Amino acid sequence: MNRPICSTGLRWFWLVVVVLILDLGSKQLVLKHFHLYESVPLIPYFNLAYAQNLGAAFSFLADKDGWQRWFFALVAVGISIVLTVMMYRSSAKKKLSNIAYALIVGGALGNLFDRLVHGFVIDFIDFYVGDWHWPTFNIADMAICIGAALVIIESFFSQDEKTINAG
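Residues numbered from 1 in each chain as written. Predicted model: local features only at pLDDT ≥ 70, side-chain atom pairs only at ≥ 80, totals over all residues. Heavy atoms only, no water.

Glancing now at the sheet that holds strand β4 (residues 132-133). In spatial order, the strands read β1-β2-β3-β4; together these four strands make up an open sheet with antiparallel pairing. Every interior strand has two partners, whereas the edge strands, β1 (39-43) and β4, have only one. One ladder, built from two bridges, connects strand β3 (residues 121-129) with β4; its direction is antiparallel. Note that in β4 the partner of Tyr-128 across the bridge is His-133. Where helix α1 (residues 14-33) meets the sheet, it contacts β2 (46-53) and β3, and its direction lies at approximately 85° from that of β3. (Pairing = 2+ DSSP bridges. Helix = DSSP H or I, 4+ residues; strand = E, 2+ residues; numbered from the N terminus. Contact = heavy atoms within 4.5 Å. Axes fitted to C-alpha atoms, helices over the stretch in contact; angles between N-to-C directions.)

Structure, rendered in structure tokens:
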């Protein structure tokens, strides 16, 4: 099957590049201008706060001996390959799913870069209410979460289409 790239879901791969530029650029600014654990309040309920995450979401497995770095790197590579293949096999007209996959791939590659280069993921976005703080995260994490939410939303619409077409 030999199709022009623009007719496949890879037409949306530019979004991977945008996520990578925003994520890696923002992390570079944090590394250049912040000390570890330094926090700068911007507006009520929102700080920029430099943290290093050795684990996954919510610092899952961060307290292990270092094997998790390579495990999560392998997971990121695997997910990126699978979603890129799915984008290639998908029509460019399936905008929502391709955008979702591109956001997830961009986020996975952004955090993969951190793991391979630094040995940890750079987090810096800190939301809080009173003394309660949401776990610090980054732009790659936001892209992954938005992409995952879009996959879930798209699944509701595709179910409706299958039901309509079956009836």
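Another point: the environment of Tyr-101. Along the chain, Tyr-101 falls in helix α3 (residues 95-117). Put simply, Tyr-101 and Leu-10 are 91 residues apart on the chain and 9.8 Å apart in space, counted from C-alpha to C-alpha. Apart from residues lying up to four places away in sequence, Tyr-101 is in contact with Leu-83, Met-86, Met-87 and Val-151.

This paragraph deals with the environment of Cys-145. You can see Cys-145 is positioned in helix α4 (residues 139-166). Judged by relative accessible area, Cys-145 falls into the exposed class, the value being 53%. Distance from Cys-145 to Leu-103, taken between C-alpha atoms, is 8.6 Å for residues 42 residues apart in sequence. (Buried < 20%, exposed > 50% of the residue type's maximum accessible area, 1.4 Å probe, protein only.)

Running from N to C, α1 and α3 point in directions that differ by 35°, and their axes come no closer than 8 Å. Note that α1 runs across α3; the crossing there is right-handed. Taking contact as the criterion, the partners of Leu-15, Val-16, Val-19, Leu-20, Asp-23, Leu-24 and Lys-27 in α1 are, on α3, Ile-99, Ala-102, Leu-103, Val-105, Gly-106, Gly-107, Leu-109, Gly-110, Asn-111, Phe-113 and Asp-114. Looking at side-chain class alone, the contact of α1 with α3 contains 11 nonpolar, four polar and three charged residues. (Left-handed = near helix turned anticlockwise from the far one by under 90°. Nonpolar A, V, L, I, M, F, W, Y, C, P; charged D, E, K, R; others polar.)

So, about a nonpolar patch on the surface. On the surface, Tyr-45, Phe-127, Val-129, Trp-132 and Trp-134 cluster together into a nonpolar patch covering about 570 Å² of accessible area. Mapped onto the elements, Tyr-45 comes out in the loop between β1 and β2. (Patch = residues over 30% accessible without salt bridge, like charges linked within 9 Å, V, L, I, M, F, W, Y side chains within 5 Å. Areas by Shrake-Rupley, 256 points an atom, 1.4 Å probe, with all protein chains shown as cover. Salt bridge = Lys/Arg side-chain N within 4 Å of Asp/Glu carboxyl O.)

Attention shifts here to the side chain of Ser-97. Considering the arrangement of structural elements, one finds Ser-97 in helix α3. Among the polar contacts listed, one links the side chain of Ser-97 to the backbone oxygen of Lys-94, at a separation of 3.3 Å. (Polar contact = N/O pair within 3.5 Å; in protein donor to acceptor, adjacent residues only side chain to side chain.)

Tallied over the full model, the rule gives two salt bridges. The partner of Asp-114 in a salt bridge is Lys-27, and the shortest N-O contact between them spans 2.8 Å. Taken together, the residues span a long stretch of sequence, with Asp-114 in helix α3 and Lys-27 in helix α1 at a distance of 87 residues. Just as Asp-114 is buried, Lys-27 falls in that class too. Residues joined in a network through salt bridges with shared partners are Asp-23, Lys-27 and Asp-114.

Keep in mind these numbers describe shape, not what the thing actually does.
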